[in-house]
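Reading the structure
Spelled out, the chains give:
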Amino acid sequence: MTFEVKIGTKDLFGFTMYHAYSGFMGKIWVVFSVFCLVAAVWTWGDVSLQGTAAFVVLGLLFTVVNPLMLYYKCLRRVAKTPAYRKPFRYTFTKDGFSISQGAQTGRMGWSDLFQIICTKKAVYLCPDPIHAQIISLEQLGDQKEELKEFLRTQVPQDVRKKGL
């Protein structure tokens with residue numbers, strides 16, 4: 001199975017948000033933000049304006065400010081990195097996958113992967129907990145289900161799979 005995918009800001013931002021908010025600390029950040037926003041409403045008029053403003057700022061920090069900062073960071077990275085200007089060609093086999101772009105080619109066996117994560121919009125092939133090869137499902141069209149089925153059936157069971 002072979003296809004080409006061009007990584008854009010939206011794709012990189014999707015991975016960054018998943019990475020930032022899917023873990024334990026991401027959930028704590030969201031709960032903390034909701035708690036602060038509820039506290040701002042609950043204590044409106046009972047505490048000083050500075051106290052209410054502090055609750056609002058803390059509440060918006062992880063639910064609005066951080067995602068905006070992450071989006072800007074992804075926007076800059078895609079604009080400054082020449083590799084994102086051309087599509088990546090992925091070739092999947094029963095032994096692993098290869099990625100090529102122009103004259104450069106890299107190969108990775110399935111045993112080299114830490115995990116495979118499938119979300120509504122992308123598949124992340126993660127060699128470690130921090131990095132990933134991003135495959136945008138929107139760009140695959142009809143091959144989307146074929147890729148998911150391939151990953152479900154051909155990738156060895158010892159590779160962690162989420163969302164497949």
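Relevant structure appears above.
Below, the structure is looked at part by part. (Residues numbered from 1 in each chain as written. Predicted model: local features only at pLDDT ≥ 70, side-chain atom pairs only at ≥ 80, totals over all residues. Heavy atoms only, no water.)

This part covers the packing of helix H1 (residues 9–21) against helix H3 (residues 49–80). Taken N-terminus to C-terminus, the directions of H1 and H3 make an angle of 140 degrees; their axes are 9 Å apart at the nearest point. For the element pair H1 / H3, the angle class is oblique. For H1 against H3, the interelement crossing comes out right-handed. Residues Thr9, Leu12, Phe13, Thr16, Met17, Ala20 and Tyr21 of H1 pack against Phe62, Asn66, Pro67, Leu70, Tyr71, Cys74, Leu75, Arg77 and Val78 of H3. When its residues are assigned to classes, the contact of H1 with H3 shows twelve nonpolar, three polar and one charged. (Axes fitted to C-alpha atoms, helices over the stretch in contact; angles between N-to-C directions. Helix = DSSP H or I, 4+ residues; strand = E, 2+ residues; numbered from the N terminus. Parallel < 35°, antiparallel > 145°, perpendicular 65-115°, else oblique. Left-handed = near helix turned anticlockwise from the far one by under 90°. Contact = heavy atoms within 4.5 Å. Nonpolar A, V, L, I, M, F, W, Y, C, P; charged D, E, K, R; others polar.)

Across all of its chains, the model carries zero disulfides by this definition. There is no disulfide at cysteine 118, and the cysteine sulfur nearest it, in cysteine 126, is 12 Å away. (Disulfide = S-S within 2.5 Å.)

Here we come to the nonpolar core. In terms of nonpolar packing, the biggest core is built from 32 residues, with Phe92, Trp110 and Ile135 touching the most fellow members. The element that contributes the greatest number of residues to this core is strand E6 (residues 122–126), accounting for five residues. Once residues lying within four places of it in the same chain are set aside, the contact partners of tryptophan 110 are Phe92, Thr93, Lys94, Asp95, Gly96, Phe97, Ile116, Phe150, Leu151, Val155, Pro156 and Val159. (Core = buried A, V, L, I, M, F, W, Y, C linked by side-chain atoms within 4.5 Å. Buried < 20%, exposed > 50% of the residue type's maximum accessible area, 1.4 Å probe, protein only.)

Time to look at the pattern of salt bridges. Scanning the entire structure with this criterion turns up four salt bridges. Its salt-bridge partner being arginine 89, residue glutamate 4 comes within 3.1 Å of it at the nearest N-O pair. One end of the pair, glutamate 4, is in strand E1 (residues 2–5); the other, arginine 89, is in strand E2 (residues 88–92), with 85 residues separating them in the sequence. Given the relative accessible area of 36%, arginine 89 is considered partly exposed. A salt bridge links arginine 152 to glutamate 149; the shortest N-O distance between them is 3.3 Å. With a gap of three residues between them, arginine 152 and glutamate 149 both fall in helix H4 (residues 143–154), about one helical turn apart. Given the relative accessible area of 39%, glutamate 149 is considered partly exposed. (Salt bridge = Lys/Arg side-chain N within 4 Å of Asp/Glu carboxyl O.)

With that settled, consider the environment of valine 38. Within the secondary structure layout, valine 38 lies in helix H2 (residues 24–42). Residue valine 38 is classed as partly exposed on the basis of its relative accessible area, which comes to 46%. In this structure the C-alpha to C-alpha distance between valine 38 and serine 98, which are 60 residues apart in sequence, comes to 49 Å.

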